[in-house]
Amino acid sequence: MFYAGLAINGLAIGCVAALAAVGLLATYRVTGVFNIAFGSNAVFCAYVMWQCVRVWHLPLAVAAVLVLGIVAPGVGLVLERLVYRPLRRSGASGLLVATLGVLVLQLGLVFLLWGGRSYVDAPSLLPAGSVRLPGSLTLPYATIVELCVVALIAVLLTFLLRATRVGLMVRAVVDDRDLASALVPADRLAAGGWAFGSFLAGVAGVLWAPIYHLDPYSLTLTVLETMGVAVLARLTSLPIAVVAALAIGIAQTELTAVHPAARWQGLVDAFHTNLFVLVLFAALMVLPRLGIRDSGSGGGGLHREGARRTSRVDHISRLPLGALSLVLALPLFFDPADLRASLAVPALAVVFVSLVVATGYAGQISLGQAGYAGLGALFMVKLAGAGAPWLLALFLGPLLVVPLGWLTGAVFLNKGVATHRRGLYLALATFATAAVVARFVFAQPVFVGGLVVSRPRGFTDDHWFYALELACLLLALLLVRSLHTGPMGRALVAMRDSETAAVSAGIDVRLMKVFVFACAAGLAGLGGALTTSAAQAFNPTDFDPVQGLVWFAAVAVWGVDSALGAVVGAAALVAVDVGTVSGVSSLLIGIGAVLLGRFPGGIGAAVRRAGDWAVRPVERPLTRRLSPAGRAVARAAAARVRERPVS
Amino acid sequence: MSGGRGFRGIQIRGLRRRFGGVTAVDDVDLDVPAGAVTALIGPNGAGKTTLFHCVTGLDAADAGTVTLAPHPDRPTVLLSGLPPHARARAGVAWTFQRIELFAGLTVAENIRVGAENRRGRPLLSGLLGLPDPRRAAVRATTVAVLERLGLTPLADVSAGSLPTGTMRLVELGRALAAEPAALLLDEPASGLDDHQIARLAEVLRALTADGLAILLVEHDIRFVTAVADRAYLMVAGRVLLSGTPDEVFASELARELYVGGS
C-alpha cells in the first residue's frame, strides 16, 4: 500500500512531465522544429496568467481565455512570422539557435518584467480536493484532470495527423515546406502549427505554475529534462511519450523508498531526483536513430555564409586585434572594485573561444561547455588541495578534462546518426552531458563540499591575476590559431564543407572531430579554472547547464567561427551584466540569436563582410574577366552550392 | 579477367552487396589494371555506384575482397575492411557523382587539401603549429596539378563560385593531388560541355600514360568509346559482358539496353 501511495505521487510528477513531453512532441510533429523554447514559452504564459489574476484582478475564467486563447497562440504566431518563417531554409542548426534565442529572450523578458521573482500564489485552474480510493489512498483531482488533458492531446493529435486531410497537409508542410507550398497553404498551416504548439505550452505553463513555484528557471529546466521522454519516443510516438513519462515519474518516487547503506544514500538520492536527466543521457547513448528531421549537419548552417578561407592573410582582423588587446589591457589600470568585475572577462573569453573551436571550427554544436568548464575548475581545486603547485594545477586540471571530452566526443560525435540529423542530436547529447555532470558532480557535497579556493602568493593581487588571465587567453588564442590556419585549419574547413569529400582526401574525419572536440573541452576547463580562481570560490551556479545555453547563443551571435568575436562577446556580456539590471543581457543575446537567420555568421561575419567589401576591388578583375553569360553561370553555381546542405 | 603475378591496379573478387532482399552487387570479379581506363557501364540501378562505393569504402561489401597493387616494389594492400580515408591514403582516389567540393576554400586550397592529407600527421603537431615537413612537396604537387588541369588562372577563386564543369575539374584535381595509384571516377562527364569532355578525355589518356589505373562509371557512350580501353557491362548487379568498348556497345544486349530498351 505504501508503494501504491508512492506510485500515485509519481503519477502526479509523471503527468507534469508527460504534459511537457507531449507538448514538445506535438509542436515537433506539427512544425518540424524541436522547440527547446517550449519551456520558456510555458513560463512566459504562466507569468502573464499570474499578472492577469493577481495584479489586474481579472476573473479566473477571463484570464484563462485571455492567456490560452489569445496570448499563447499569439506568441506562436508572432514567433512563426518573425523568427521561424524567415529561417525555413536555414537548416536545423539555424532553427536550433533560433529556438535557443527565443528561450534566452523569453527568460530575459520574464526577468525584466517580473524581476525574475518566483511566486507561490499562481492561480490554479484545477479543482482542489481528491478522490478517495480503497486502502486510504487519495488521488488528487488535479492529477486526474492532467491525465485527461495529456491523453486527450495525445489521442486527438495522433488521430488528426494520421487520419485527416488537414493532418496530411500538415505532415507535408513539415516534411518539405517549399515543395508543399505549391500544393497547400503552407504558410498558414505552419502558422497554425506554431499557434497550436504555443497554445500547448501555455496549457502546460498554466497547469504547472500552481503545482511548482512560478519560477523562471525551474519550469524551463523541467522541459529541457523531459526531452529524454521525447527521445525515448523517438520524437514520433505521442502515446509512448505519455507512457514513458508516467513510468519515469512513478519510478522516481518509488526510488525514494530505497534505503541502501548510508554512504550510498547520496547517490540514490541523486538518482531519483535526476531520473529524467539520466533517461535523456542514456536514451541518447543507446537510441541513436531518432526520427529527427533536419537538413543541416552539425554547426554547418551557422557559418556557411561566413565560411572563411583559412590560409589567406587576414588583413582585416589585424586592426580589431590591436584595438582589442588595448581594451583588454585597460582594466590593469582600473581601481580594485572595477578590476574585480573585469576578472570575469578573460575567463569567460576562454570558455567562449572553446565554443568557437567546437562549433565554429569542428562544426559540432556543443551546448555542454558549462560541464567541461566546471570540471576543469573542480580538478584544479582538487589538485591544488592535494598539494600540487597552484600554477601547475591551473593547467593540469583542464588537461584532465581533455580525456573526458575525448570520451564523450567519441561516443556522441561518431554515433550512427545520419549526417543530416546530427545537429539536434549533438545539441541534446552535449546538453545532457552538462546536466548529468551538474547534477551528479557539482550538486554533490561529496565532490564539492569544503573546497578551499585560494590564489597563491603573487597572484592574490587582482592586477597580477588579471595579467595571468590575459596570458592564458593569449595561449588559448595561439592554440586556436593553429586550428584555424595551416593544414589543420584547411582540413577542418574541408570537413565542415563536405565530410565525404574530406574522407576521400585522406582526412580521418572521425578522429579529427573527436580530437578538436576534446581540445575544446580542455579549453573550456581552463576557462572554468580561471573563473573559479577569479571568484576564489567554486560556485556550481557558474557552471549551470542553462548557462551553457546562454553561452552558446552569445557565441553564435558574435559568429561561431570568430575567435576574436568570442572575446569581444565575453567582454560585452560581462559589461552588460555589470552595468544593467539582470535580464538585459539575456534579452540582447536572445534578440541577436533570433535575428541570426537574417544575418548568417553573426556580428563577426558582418564585420568581415564589411572588410571584404572594402578590399573588393582587388578581387574584381577575376569576375570581370567572365562574359555576362559566364557571370550568370557563376552566380547560379554559387547559389546552388549555397543551397546544398553541407553533408 | 586474370590478375596473376605482377598485376598492378585494383582487383575485385567475389564482391557482393545486399540491401534487404535486393542484391545490388552480385558476385562481381573485376580488374582495373594500371595504365588503362576501365569503364563500367550499365542501365540505372545496375549496381555500378554501389560497386564503386564498395571499392572506396563508403559502403561496406557483404562478401568479397578488393585489393590494390599500387606499384611493383610496394606490397599489395587489402582494401576490404579499411575505412575510406585509409583507402585514400593507400593510393585510391575518387570523385563523386554529385559534386563534393570544399566550397569555403579556394581552388588551390581544395587541391592542396588533397595533397597534404595523403599521409597521416600527428594531430598534436598540427595543434602546436609545428611546421609540416612535407610542405614544399605539397606546394609543388599543388602547382603541378593546377597546371595540368589548366586551373592555374583560377587558383585563388573560391571553389563554390565555379561553373559545374570547372568544379568537376577541381574535384579531379583534388583526387590527383594525392598522387594515387588508382583513380575512380563516377560519371565525370555529366554536366560538361563537348569541349570540356574532350579536354577530360585528353587528361585521362595522359594519366594512363603515367601508369594510373582508372575506373570510370559513365553513361556517355561517346566518351566511354573515346577513352576506355576495356568496358564491363553491368546489369542487375552482375557483370554480363566485357571487352573493348566497341565490342560491348555492339553487342545485342547493350543495343537492347541503350537503344531499344528505352
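Since we're looking at a predicted model, the values are computed, not measured.

A. Summary view of the overall build of chain B. The helix and strand tally for chain B stands at ten helices and ten strands. A compact globule built from 262 residues would reach a C-alpha radius of gyration of about 18 Å, and chain B, at 18 Å, matches this within 12%. The principal-axis extent of the C-alpha atoms belonging to chain B is close to 60 × 40 × 35 Å. Evaluated residue by residue, chain B yields a buried proportion of 51% over its 262 residues. In chain B, the share of contacts with a sequence separation of at least 24, taken over all contacts with a separation of at least 6, comes to 68%.

B. View of the overall build of chain A. When helices and strands are counted, chain A shows 30 helices and two strands. Considering chain A as a whole, with its 647 residues, one finds that 53% of them fall into the buried category. When contacts within chain A are restricted to residue pairs at least 6 apart in sequence, those whose partners lie at least 24 apart make up 82%.

C. View of the domain arrangement of chain A. Residues and elements named next belong to chain A. According to the domain assignment, chain A contains domain 1 (2-286), domain 2 (301-609) and domain 3 (616-643). Between the C-alpha centres of domain 1 and domain 2 there is a distance of 31 Å. The partner domain 2 presents 37 residues to the 38 residues of domain 1 that form the contact. Of all the secondary-structure elements, those providing two or more residues to the side of domain 1 that touches domain 2 are helix 4 (91-114), helix 9 (216-232), helix 11 (262-273) and helix 12 (275-286). Among the elements that make up the side of domain 1 that touches domain 2, the one with the highest residue count is helix 4 (18 residues). Split by residue class, the side of domain 1 that touches domain 2 holds 29 nonpolar, nine polar and no charged.

D. Highlighting the packing of helix 1 (residues 2-31) of chain A against helix 10 (residues 238-254) of chain A. Residue and element names in this part refer to chain A. Their axes nearest at 6 Å, the elements helix 1 and helix 10 cross at an angle of 145°. Crossing hand, helix 1 versus helix 10: right-handed. In the contact of helix 1 with helix 10, the residues fall into 18 nonpolar, six polar and one charged.

E. Quick look at the nonpolar core. Residue and element names in this part refer to chain A. Core analysis: the biggest nonpolar cluster contains 297 residues, and Val22, Ala46, Ala241, Phe352, Val353, Val357 and Ala553 have the highest contact counts within it. Examining the composition of this core, we find that 16 residues originate from one element, helix 24 (residues 509-535), more than from any other. When near neighbours in sequence (up to four residues on either side) are disregarded, Val357 contacts Ala362, Val480, Leu483, Val516, Cys519, Ala520 and Leu523.

F. Geometry of the sheet that holds strand 5 (residues 77-78) of chain B. Residues and elements named next belong to chain B. With respect to topology, four strands assemble into an open sheet ordered 2-1-4-5, the strand pairing being antiparallel. Unpaired on one side and paired on the other, strand 2 (22-33) and strand 5 mark the two borders of the sheet. As paired strands, strand 1 (residues 9-19) and strand 2 are joined by eight bridges and run antiparallel to one another. Considered in strand 2, the bridge of Arg18 is made with Thr23. Against the sheet, helix 1 (residues 48-56) contacts strand 1, strand 2 and strand 4 (63-69), and its axis sits at roughly 120° relative to strand 1.

G. Just the interface of chain B and chain A, in detail. On the chain A side, the residues contacting the 36 residues of chain B number 33 residues. Among the secondary structure elements, those contributing two or more residues to the side of chain B that touches chain A are helix 2 (84-90), helix 3 (107-116), helix 4 (123-127) and helix 6 (164-177) of chain B. Residue contributions to the side of chain B that touches chain A peak at five residues, all from helix 3 of chain B. When the residues that make up the side of chain B that touches chain A are grouped by side-chain class, the tally is 17 nonpolar, eleven polar and eight charged.

H. Broad picture of the environment of A:Val574. Residues and elements named next belong to chain A. Tracing the sequence through the fold places Val574 in helix 26 (residues 563-579). Measuring from C-alpha to C-alpha, the distance between Val574 and Ala337 comes to 14 Å, with 237 residues separating the pair along the chain. Each residue touching Val574, except ones within four places of it in the same chain, is listed here: Ala341, Ala344, Val345 and Leu348.

I. Up close: the environment of B:Thr95. Residue and element names in this part refer to chain B. Within the element layout of this structure, Thr95 appears in the loop between strand 6 (92-94) and helix 3. Put simply, Thr95 and Leu176 are 81 residues apart on the chain and 9.9 Å apart in space, counted from C-alpha to C-alpha. In contact with Thr95, not counting residues within four places along its chain, are Glu171, Leu172, Ala175, Leu185, Asp186 and Pro188.

J. Summary view of the sheet that holds strand 10 (residues 238-243) of chain B. All names here are of chain B. Here six strands make up an open sheet; going across it, the order is 6-7-8-3-9-10 and the pairing mixed. In this open sheet, the two edge strands, each paired with only one partner strand, are strand 6 and strand 10. When strand polarity is set aside, the average angle formed by the axes of neighbouring strands in this sheet is 20°. Relative to strand 10, strand 9 (residues 230-235) runs antiparallel, the two being bridged by five bridges.

K. Just the packing of helix 6 (residues 165-175) of chain A against helix 8 (residues 186-208) of chain A, in detail. Residue and element names in this part refer to chain A. The geometry of helix 6 relative to helix 8 is characterised by a closest axis approach of 10 Å and an angle of 95° between their N-to-C directions. Taken as axis vectors, helix 6 and helix 8 run roughly perpendicular relative to one another. On the side of helix 6, the interface is formed by Met169, Val170 and Val173, while helix 8 contributes Ala186, Leu189, Ala190 and Gly193. Across the contact of helix 6 with helix 8, the residue classes tally to six nonpolar, one polar and no charged.

L. Geometry of unusual backbone geometry. All names here are of chain B. Phi at Asp27 takes a positive value of approximately 55°, unusual for a residue other than glycine. Looking at where Asp27 falls in the secondary structure, it is placed in strand 2. Residue Glu179 is not a glycine yet carries a positive backbone phi of 45°. Within the secondary structure layout, Glu179 lies in the loop between helix 6 and strand 7 (182-186). For Glu179, a count of 17 C-beta atoms within 10 Å corresponds to the partly exposed category.

M. Here's a closer look at the domain arrangement of chain B. Residue and element names in this part refer to chain B. Domain annotation of chain B identifies domain 1 (1-91 + 180-262) and domain 2 (101-179). The centre of domain 1, based on its C-alpha atoms, is set 25 Å off from the matching centre of domain 2. Listed by partner, the interface residues are ten residues for domain 1 and eleven residues for domain 2. At the level of elements, helix 2 and helix 7 (194-209) are the ones that each hand at least two residues to the side of domain 1 that touches domain 2. For the side of domain 1 that touches domain 2, the residue count by class is six nonpolar, two polar and two charged.

N. Representation of the confidence of the model for chain A in the model. In the predicted model, chain A carries a mean pLDDT of 83, and the fraction of residues at 70 or more is 88%. Across residues 304-316 of chain A, where pLDDT falls below 50, the model places 31 contacts with residues more than four positions away in sequence or in other chains.

O. Examining helix 3 of chain B more closely. With ten of its ten residues buried, helix 3 of chain B lies for the most part within the structure. Turning to helix 3 of chain B, its buried residues number three or more, namely B:Val107, B:Ala108, B:Glu109, B:Asn110, B:Ile111, B:Arg112, B:Val113, B:Gly114, B:Ala115 and B:Glu116. Lining the buried residues of helix 3 of chain B we find helix 22 (486-497) of chain A together with helix 5 (135-148) and helix 6 of chain B.

P. Examining the environment of A:Leu24 more closely. Residues and elements named next belong to chain A. When you line up the elements, Leu24 lands in helix 1. Looking at Leu24, the number of C-beta atoms within 10 Å reads 28, which means it is buried. Leu24 sits 499 residues away from Leu523 along the chain, and the two C-alpha atoms are 33 Å apart. Beyond its immediate stretch of four places on either side in the chain, Leu24 contacts Asn35, Phe38, Val223, Thr226, Met227 and Ala230.

Conventions and cut-offs
Residues numbered from 1 in each chain as written. Chains lettered and ligands numbered in written order. Predicted model: local features only at pLDDT ≥ 70, side-chain atom pairs only at ≥ 80, totals over all residues. Helix = DSSP H or I, 4+ residues; strand = E, 2+ residues; numbered from the N terminus. Rg over C-alpha atoms; globule rule 2.2 N^0.38 Å. Buried ≥ 20, exposed ≤ 12 C-beta atoms within 10 Å, placed from the backbone. Contact = placed C-beta atoms within 7 Å. Domains from an automatic or database assignment. Nonpolar A, V, L, I, M, F, W, Y, C, P; charged D, E, K, R; others polar. Axes fitted to C-alpha atoms, helices over the stretch in contact; angles between N-to-C directions. Left-handed = near helix turned anticlockwise from the far one by under 90°. Core = buried A, V, L, I, M, F, W, Y, C linked by C-beta atoms within 7 Å. Pairing = 2+ DSSP bridges. Parallel < 35°, antiparallel > 145°, perpendicular 65-115°, else oblique. pLDDT = per-residue confidence, 0-100.

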